Amino acid sequence: MTLQDVAKRYAVAVSPHVRTLIDPADPADPIARQFLPDVAELTVTADELADPIADEAHSPVKGVVHRHRDRVLLKAVTSCPVYCRFCFRREMVGPGKADPLSPAELAAALAYIKSRPEIWEVILTGGDPFILSPRRMRQITEALAEAGHVKIVRWHTRVPVVEPERVTDDLIAALTQPGLTSWVAIHANHPRELTDAARRAAGRMAEAGIALVSQSVLLKGVNDDAETLEALMRGFVEAGIKPYYLHHPDLARGTSHFRLGIEEGLALTRELRARMSGLAQPTYVLDLPGGFGKVVLDSANVEKTAAGHRIRDFAGNWHAYPPTSAMSQVPYRAIS
């Protein structure tokens, strides 16, 4: 097994900006661990899945995931400026994977959204939607504004921290339209990612009236200690980014070397509450395998068992975690 074997299976790309953050003298560098391939990715455990949160089971038309009644994902692109080694969509993004939406497919996806008056929020994801041209982004926001019932547009991106020069005035202007409130969820996992350039990119969006929240993944060897998480969350707040989700890593294939136990994660988040202002607290969540939605882990919906945990979804059903057998996926329906 070689790194070439990893690159044949999963996309690899590291932006010039990210390369400047990597410490070549540190074999355990937390930035390198997130972006540089590792032969450990060729180890697949029995509980790992190609589509761990069942995007496909909830996709009524190509490019749309309608898991919850009032909101949808719109996956307009399938590429990123960097490829995270723990990505839960790693089987779907990058060269040789799914094609980006064609103009006709994007039109069909937008038509689906316009036909569903219950859709209040559209979440642009992918791939990284910030690699779209400002012209294409503006076309999407204009179409969503025309729907009337869509009020919130949320962009999920790594670009401000991995390629901050992309965050131009033209891009920022394309993020919203009259009648829409736009949010940007910025993904970073280590405080060193919050460079001066990243903070300036965030600041320009905030000055334009864009609300900013964070997303992070709890990763072994990257941020699995209270000091690093504290510095990351404080860094977000200082940059005008409200900490939002801290994700327990998904059961994506070839990512077991990044995962830690739920009890370890709970201990860390409880320590964060003792160390930091409520303004800096993220919500620790797990996307249940099989497409049953997110669950807040520090809650009555999680019970420890001899084999791991049992976790209750929002429909009131309990699931073993990790799964004890091949996961059944919830059939397509919008969860209320």
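For the structure, see preceding data.
The rules behind these values
Residues numbered from 1 in each chain as written. Predicted model: local features only at pLDDT ≥ 70, side-chain atom pairs only at ≥ 80, totals over all residues. Heavy atoms only, no water. Axes fitted to C-alpha atoms, helices over the stretch in contact; angles between N-to-C directions. Helix = DSSP H or I, 4+ residues; strand = E, 2+ residues; numbered from the N terminus. Parallel < 35°, antiparallel > 145°, perpendicular 65-115°, else oblique. Left-handed = near helix turned anticlockwise from the far one by under 90°. Contact = heavy atoms within 4.5 Å. Nonpolar A, V, L, I, M, F, W, Y, C, P; charged D, E, K, R; others polar. Buried < 20%, exposed > 50% of the residue type's maximum accessible area, 1.4 Å probe, protein only. Pairing = 2+ DSSP bridges. Right-handed = clockwise from strand over helix to strand, strands pointing away. Core = buried A, V, L, I, M, F, W, Y, C linked by side-chain atoms within 4.5 Å. Phe/Tyr/Trp six-rings, centres within 6.5 Å; stacked < 30°, edge-to-face > 60°.

Colleague: Mind showing me how you'd approach the packing of helix α4 (residues 103-114) against helix α5 (residues 134-147) here?
Modeller: Think of two packed helices as two axes; the pair is described by the angle between the axes and how far apart they sit. Axis separation between α4 and α5 bottoms out at 9 Å; the angle between their running directions is 25°. Considering their axes alone, α4 and α5 lie roughly parallel with respect to each other. Of the two elements, α4 crosses α5, and the hand of that crossing is right-handed. For the pair α4 and α5, contact is made by Leu106, Leu110, Ile113 and Lys114 and by Arg136, Ile140, Ala143, Leu144, Glu146 and Ala147, respectively. Classifying every residue of the contact of α4 with α5 gives seven nonpolar, no polar and three charged.

Colleague: When you look at the pairing of strand β4 (residues 152-157) in this model, what are you seeing that I'm missing?
Modeller: Consecutive residues of a regular strand have side chains that alternate between opposite faces of the sheet. For β4, the buried fraction is high: six of the six residues fall into the buried class. Side chains of β4 alternate between two faces, with Ile152, Arg154 and His156 and Val153, Trp155 and Thr157 buried alike. When strand β3 (residues 121-125) meets β4, the two strands line up parallel, connected through four bridges. Counterpart to Val122 in the pairing with β4 is Val153. As a crossover connection, the stretch from β3 through α5 into β4 is right-handed. Across six bridges, the pairing between β4 and strand β5 (residues 181-187) is parallel. Considered in β5, the bridge of Thr157 is made with Ile186.

Colleague: How should the nonpolar core be read in this particular structure?
Modeller: For soluble globular proteins, nonpolar side chains are generally found buried alongside one another. Judged by nonpolar contacts, the single largest core of 83 residues is most densely connected at Leu74, Phe130, Leu144 and Met205. Excluding residues within four positions of it along the chain, Leu74 makes contact with Gly63, Val64, Leu101, Leu106, Ala109, Leu110, Ile113, Val122, Ile123, Leu124, Thr125 and Ile140.

Colleague: What is the right way to look at the packing of aromatic side chains in this model?
Modeller: Both the distance between ring centres and the angle between the ring planes are used here to describe each pair of aromatic rings. Applying the stated criterion to the full structure yields three aromatic pairs. Relative to Trp155, the ring of Phe130 lies with its centre 6.2 Å away and its plane at 65°, an arrangement referred to as edge-to-face. Taken together, the positions of Phe130 in the loop between β3 and α5 and Trp155 in strand β4 put the pair 25 residues apart, joining distant regions of the chain. Both residues of the pair, Phe130 and Trp155, belong to the buried class.

Colleague: I keep staring at the sheet that holds strand β10 (residues 302-305) and nothing clicks. Help me out?
Modeller: Adjacent strands of a sheet form backbone hydrogen bonds with each other and so pair up, either parallel or antiparallel. Strands sit in the order β10-β11-β12 across an open sheet of three strands; the sheet is antiparallel. What marks the edges here is a single partner per strand, and that holds for β10 and β12 (318-321). For this sheet, the mean angle separating the axes of adjacent strands, direction not counted, is 25°. As paired strands, strand β11 (residues 308-312) and β12 are joined by four bridges and run antiparallel to one another. Looking across to β12, one finds that Arg310 is bridged to Ala320.

Colleague: Looking at this model, I keep getting lost on the sheet that holds strand β9 (residues 294-296). Mind explaining?
Modeller: Here nine strands make up an open sheet; going across it, the order is β1-β2-β3-β4-β5-β6-β7-β8-β9 and the pairing mixed. The open sheet is flanked by β1 (64-68) and β9, the only strands paired with a single partner. Within this sheet the neighbouring strands show an average axis-to-axis angle of 25°, counted without direction.

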